[in-house]
Amino acid sequence: MQAIPHLRVRNLSKRFGNFTALGDVSIEIARGEMHCLLGENGAGKSTLTSCLSGYLQADAGTIEVYGQALDIRSPMDARRAGIGKVFQHFVLANPLTVVENVIAGSPQRGFLPRTAATRARLHERCRKYGLSLDLDCPVGDLDVGQQQWAEILKCLNTEVDLLILDEPTAVLTPQESVQLFSVLRTLTGEGTTVVLITHKLDEVLQCDRVTVMRKGRVIDTVEAARCTRDDLSTLMVGHATSTPRRGASSPGAPRLVLEGLSASAGRRPLHGIDLTVHRGEIVGIAGVSGNGQKELFEVIAGARRATAGRLLCDGVDLTNHDPGTISRAGIGHIPQDRFAEGLVGELSVADNLMLGRHRDPVFSRRGFLSRKRAEAFAQDCIDRFAISTRSVHTKAGTLSGGNAQKIVIARELYQASKVVLANQPTRGVDVGVIESIYRLLLDKRNEGYAILLASDELDDLFNLCDRIAVMYEGRIAGIFDATQVTIAQIGHLMAGGAHIPPAPALQPAPCLKDLP
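As the structure is a prediction and not an experimental result, all values here were calculated from the model. (Residues numbered from 1 in each chain as written. Predicted model: local features only at pLDDT ≥ 70, side-chain atom pairs only at ≥ 80, totals over all residues. Heavy atoms only, no water.)

Q: When you look at the sheet that holds strand S5 (residues 68-70) in this model, what are you seeing that I'm missing?
A: Hydrogen bonds along the backbone pair up the strands of a sheet, which may run parallel or antiparallel. Overall, antiparallel pairing links the 4 strands, which are arranged S2-S1-S4-S5 in an open sheet. One side of each edge strand has no neighbouring strand; the edge strands of this open sheet are strand S2 (19-29) and S5. Here the strands of the sheet are splayed against their neighbours by 30 degrees on average, with no regard to which way each runs. Pairing of strand S1 (residues 7-16) with strand S4 (residues 60-65) involves 5 bridges; the strand directions are antiparallel. If you follow Ser13 over to S4, its bridge partner there is Ala60. Sheet strands in contact with helix H1 (residues 45-52) are S1, S2 and S4, and its direction is about 115 degrees off that of S1. (Pairing = 2+ DSSP bridges. Helix = DSSP H or I, 4+ residues; strand = E, 2+ residues; numbered from the N terminus. Axes fitted to C-alpha atoms, helices over the stretch in contact; angles between N-to-C directions. Contact = heavy atoms within 4.5 Å.)

Q: How should the nonpolar core be read in this particular structure?
A: Burial of nonpolar side chains together is a common tendency in soluble globular proteins. The biggest cluster of nonpolar side chains holds 52 residues, and the ones touching the most others in it are Ala286, Leu353, Ile407, Val420, Leu458, Ile468 and Ile490. Discounting chain neighbours no more than four positions away, the residues touching Val420 are Gly332, Ile334, Leu413, Leu441, Tyr449, Ala450, Ile451 and Leu452. Residues Cys36, Leu92, Cys126 and Leu196 belong to the second largest nonpolar core, which totals 49 residues. (Core = buried A, V, L, I, M, F, W, Y, C linked by side-chain atoms within 4.5 Å. Buried < 20%, exposed > 50% of the residue type's maximum accessible area, 1.4 Å probe, protein only.)

Q: What am I meant to see in the pairing of strand S3 (residues 34-39) here?
A: Put simply, side chains in a regular strand alternate between the two faces of the sheet. Where burial is concerned, most of S3 is hidden: 6 out of the 6 residues are buried. Burial of the side chains of S3 extends over both faces: Met34, Cys36 and Leu38 are buried on one face and His35, Leu37 and Gly39 on the other. Bridge count between S3 and strand S9 (residues 209-214): 5 bridges; the pairing is parallel. Its bridge partner being in S9, Cys36 is matched across the sheet by Val210.

Q: What is the right way to read the sheet that holds strand S20 (residues 450-454) from this model?
A: Strand order in the open sheet formed by 6 strands is S16-S19-S20-S13-S21-S22, and the pairing between neighbours is mixed. Edge strands, defined here as strands with exactly one partner in the open sheet, are strand S16 (331-334) and strand S22 (475-481). With strand direction ignored, the average angle separating the axes of adjacent strands in the sheet is 15 degrees. Bridge count between strand S19 (residues 419-423) and S20: 5 bridges; the pairing is parallel. From the neighbouring strand, Leu421 faces S20, where its bridge partner is Leu452. The strands touched by helix H14 (residues 401-415) within the sheet are S16 and S19, with S16 carrying the most contacts at an inclination of about 170 degrees. In the packing of helix H17 (residues 487-494) onto the sheet, contacts are made with strand S13 (281-286), strand S21 (467-472) and S22, and the angle to S21 comes to roughly 25 degrees.

Q: Please clarify how the packing of aromatic side chains should be interpreted in this entry.
A: A ring pair, where both rings are aromatic, is described by two values, the distance of the centres and the angle of the planes. Under the counting rule described, the total for this entry stands at 4 aromatic pairs. Here the aromatic cluster, defined as three or more aromatic residues joined through ring pairs, consists of Phe363, Phe377, Phe385 and Tyr414. Between the NZ or CZ atom of Arg357 and the centre of the ring of Phe377, over which it lies, the distance is 5.2 Å. Across the ring face of Tyr414, the terminal group of Arg384 is positioned such that the distance to the ring centre comes to 5.2 Å. (Phe/Tyr/Trp six-rings, centres within 6.5 Å; stacked < 30°, edge-to-face > 60°. Lys NZ or Arg CZ within 6 Å of the ring centre and 35° of its normal.)

Don't take any of this as a statement about function, it's just geometry.
As structure tokens, this is what we get:
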């Protein structure tokens, strides 16, 4: 007799106005299975899991756990059924410690929080899973990788047995990602069911089965062991994909020059950064998250003050100028967190595309903004950058991560005329969006732009960059020709190695599986 599935979804539908986010979705997931939901940004994955976890209510269809139909109207209903979700964008109170965040996110028995018992339980989980996490540290002082573990521990503390993870490795280093999957396999071996949303195909292939979604519908459910990366890419986007890669280049004169740049504010001080990016060149910044990449980009963009050194663009000193001046000088900035730093979620798509340009004579006459011209510009961006949105009036905060990222990229590429600062441009987006971002950046390189690119995805750096600089503890540990260094060598410096180790054959590695 066939076992009753842990989760069965039948004909689930969800609409937002005239837009169908889910259309008759049906899926079955077995107990102890690691099941991946794969699809382009906006395919319906997050909507489906939000319905399962009580953050949205479906319009039609049924959700069953071990054969029992559920009426899930809130996250508390989902937790009573043993379903918990860890979101891509953290739901943590930064001033509170890890223990306090876990207590705040857990149902309480009695009037007083059981702080000691919770701390002991978390210590045991950290010991069991090999986690190094200061439980009494405010989460705002932790790096993003540690914050991800705090989110997962918060969810596990509610004693869920069906754990939903939305892009859990988007902010993790390759080594942390390996550790996460080891923990997930431990959990599934103990009977916990894991539902994983990820765009990273190497991770998809580590799951048991994969359900592919497109435009709110299930396309197919396949066994991961019988698939290749190309198979999954084709199922996801509906056609074969190819990863654009840099070609030969002849960089021109220095365009962006950093001389002894230092900054004391922020989580990671900067110490004497010397770096030059030439016209028609992409220079990558490799480094474990929290080693000064964010601070460096903010100093260049005018959002953080330098305490020493100089910033030059085409020979003009822009040190400690405000962001408006930096932007008018031709420097565009794609920040690492699109929702917190790149968008105003309550504003429309059109208004977000217009940010910083409201006084531009193209859109403003005698102090009055032409909504007609602004909306025409927004529609042009939507068409050119393939932004999936119901209209130019849709609130940006309601869009999927990939489409939100496209808004930021479209705005900054339109405004930039000399330099593009791209910090984590492919974080949490699907293979189709990554292909689009690659092409856009390579086109700008070929037009003579100087591009500074920071990415946790080493594939990005080796596919796109002419040179790669490694950052460690706020310093440049080394700068290398991307064709003459390997992922393993870069990883050695990222971990704090003093010197780059020799390699028998210096070839750029095509993907992260080359890591030791």
